[in-house]
Amino acid sequence: MPRSSNDLLKEFLSERSTPCPSCGYDLRNLTGSSCPECGQRLQLSVTLVYHNLPAYVVGLVSIGMSLGYSAIASGFILFASLNGRLRNPSGAFVVCIVLTLLISIALLVVWIRISHWLRRQSPFRRWTLATACVALPIMDMALLIAIGPR
Ligand SMILES: [Zn+2]
């Protein structure tokens, strides 16, 4: 008969001094499934030694920077145009900013949706995609310098 997860937890803790993840209380010889000190429920689980998250986070932050930049620039253009302070906004710049905003939103959605797939890829492929994302805010700045308002 298979042992319950509660039995496995008790067996695991019967041989080891393990601190409660919540309060640090030593759970050795635990008799129930909750920490006697803080009352938090406990379970035995499998966890990763190393999460393949750095490349994902670099990509996420880069896309977020591009999204933030284009959102702020779009807001500025809209606000300045409504107040009459931006009389002749460059049409190409406005189109590029709006396109950047839409592309950033789409990329953010895609990046979040492929997170599990990305973590299964080789480090080379993960970092290649993350590096491509880093290029986004750099291209945004180049765009601002090249055709932004003077
Ligand atoms: Zn505790």
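Parameters and conventions
Along each chain, the written sequence defines residue order, and numbers are assigned to residues from 1. pLDDT decides what is reported in this predicted model: residues at 70 or higher carry local features, side-chain atom pairs at 80 or more are listed and counted, and totals for whole chains, interfaces and linings draw on all residues regardless. For helices the rule is a DSSP run of H or I covering at least 4 residues; for strands it is a run of E covering at least 2, with both sets numbered from the N terminus onward. Our radius of gyration is a C-alpha quantity, and the globule rule it is checked against amounts to 2.2 Å times the number of residues to the power 0.38. Residues with at least 20 neighbouring C-beta atoms inside 10 Å of their own are called buried, those with 12 or fewer are called exposed, and the rest are partly exposed, where every C-beta is derived from the backbone. By the convention adopted here, residues make contact when the C-beta atoms placed from their backbones lie within 7 Å. How far a helix is expected to stretch is found by multiplying one less than its residue total by 1.5 Å. Fitted lines through C-alpha atoms serve as axes, helices being fitted only where they are in contact, and the angles separating the N-to-C directions of these axes extend from 0 to 180 degrees. Oblique is the label for every angle not falling under 35 degrees (roughly parallel), over 145 degrees (roughly antiparallel), or within 65 to 115 degrees (roughly perpendicular). Start and end points for every domain follow an automatic or database-based domain assignment. Buried Ala, Val, Leu, Ile, Met, Phe, Trp, Tyr and Cys residues form a nonpolar core when they are connected through C-beta atoms within 7 Å. Each crossing is labelled by how the near helix is turned from the far one, with a counterclockwise turn of less than a right angle marking it left-handed and a clockwise turn marking it right-handed. Each residue receives one of three labels: charged for Asp, Glu, Lys and Arg, nonpolar for Ala, Val, Leu, Ile, Met, Phe, Trp, Tyr, Cys and Pro, and polar for the others, Gly being one of them.

A.B. asks: Help me understand the overall build of the chain, please; the structure alone is not making it clear to me.
C.D. replies: Regarding its fold elements, the chain presents five helices and zero strands. The order of helices and strands in the chain, counted from the N terminus, is α-α-α-α-α. Against the 2.2 N^0.38 benchmark of 15 Å for 150 residues, the chain shows a C-alpha radius of gyration of 25 Å, more extended than a compact globule. Dimensions along the principal axes, computed over C-alpha positions, put the chain at roughly 75 × 35 × 25 Å. Scored against the burial criterion, the 150 residues of the chain give a buried share of 15%. Contacts in the chain between residues at least 24 apart in sequence constitute 60% of all its contacts with a sequence separation of at least 6.

A.B. asks: When you look at helix 2 (residues 54–82) in this model, what are you seeing that I'm missing?
C.D. replies: Think of an α-helix as turning once every 3.6 residues; residues three or four places apart then point the same way. Spanning 29 residues, helix 2 covers 41 Å between terminal C-alpha atoms, matching the ideal 42 Å at 1.5 Å per step. Once helix 2 finishes, Gly-84 follows within two positions and takes phi at roughly 75 degrees, a positive value.

A.B. asks: Looking at this model, I keep getting lost on the packing of helix 3 (residues 91–113) against helix 5 (residues 123–147). Mind explaining?
C.D. replies: The description of two helices packed together rests on the angle between their axes and the distance between the axes. Contact geometry of helix 3 with helix 5 gives a least axis separation of 10 Å together with a crossing angle of 170 degrees. Comparing their axes, helix 5 and helix 3 come out roughly antiparallel. Residues Ala-92, Phe-93, Cys-96 and Thr-100 of helix 3 form the contact with helix 5, whose own contacting residues are Asp-140, Leu-143 and Ile-147.

A.B. asks: Just to check I follow, could you spell out the domain arrangement of the chain for this structure?
C.D. replies: When the parts of a complex come together, some accessible area is lost, and that lost area is often used as the size of the interface. According to the domain assignment, the chain contains domain 1 (1–47) and domain 2 (54–147). Between the C-alpha centres of domain 1 and domain 2 there is a distance of 45 Å.

A.B. asks: Sorry if this is basic, but what is going on with the nonpolar core here?
C.D. replies: One recurring pattern in soluble globular proteins is that nonpolar side chains are buried together. By size, the foremost hydrophobic cluster in this structure holds eight residues: Ala-55, Tyr-56, Ile-63, Leu-67, Leu-107, Ala-130, Cys-133 and Leu-136. Elements with a minimum of two residues in this core: helix 2 and helix 5. The leading source of residues in this core is helix 2, at four residues. Each residue touching Cys-133, except ones within four places of it in the same chain, is listed here: Val-58, Gly-59, Ser-62 and Ile-63.

A.B. asks: What am I meant to see in helix 5 here?
C.D. replies: The end-to-end C-alpha distance of helix 5 is 36 Å, a good match for the 36 Å that 25 residues give at a rise of 1.5 Å each. Every buried residue of helix 5 is listed here: Arg-126, Ala-130, Cys-133, Leu-136, Pro-137 and Asp-140.

A.B. asks: Honestly, the environment of Asn-6 in this entry has me stumped. Any pointers?
C.D. replies: Summarising the element assignment, Asn-6 is placed in helix 1 (residues 5–14). Judged by local crowding, Asn-6 falls into the partly exposed class, with 14 C-beta atoms found within 10 Å. For the pair Asn-6 and Arg-113, spaced 107 residues apart in sequence, the C-alpha separation works out to 34 Å.

A.B. asks: Would you explain unusual backbone geometry in this entry?
C.D. replies: Across residues other than glycine, the phi torsion is negative in most instances, and most of the peptide bonds are trans. Positive phi values are uncommon outside glycine, yet Asn-29 reaches one of about 60 degrees. Locating Asn-29 in the fold gives a position in the loop between helix 1 and helix 2.

A.B. asks: I would appreciate a short explanation of the packing of helix 2 against helix 3 in the present structure.
C.D. replies: With their axes 8 Å apart at the nearest point, helix 2 and helix 3 run at an angle of 145 degrees to one another. Of the two elements, helix 2 crosses helix 3, and the hand of that crossing is left-handed. Between helix 2 and helix 3, the contacting residues are Gly-59, Leu-60, Ile-63, Ser-66, Leu-67, Ser-70, Ala-71, Ala-73, Ser-74 and Ile-77 on the first element and Val-94, Ile-97, Val-98, Thr-100, Leu-101, Ser-104, Ile-105, Leu-107, Leu-108 and Trp-111 on the second. A breakdown of the residues in the contact of helix 2 with helix 3 according to their chemical character gives 14 nonpolar, six polar and no charged.

A.B. asks: What am I meant to see in the environment of Leu-118 here?
C.D. replies: Here Leu-118 shows up in helix 4 (residues 115–119). With 12 residues separating them in the primary sequence, Leu-118 and Ala-130 have C-alpha atoms 9.9 Å apart. Aside from chain neighbours lying at most four places away, what touches Leu-118 is Tyr-56, Arg-126 and Leu-129.

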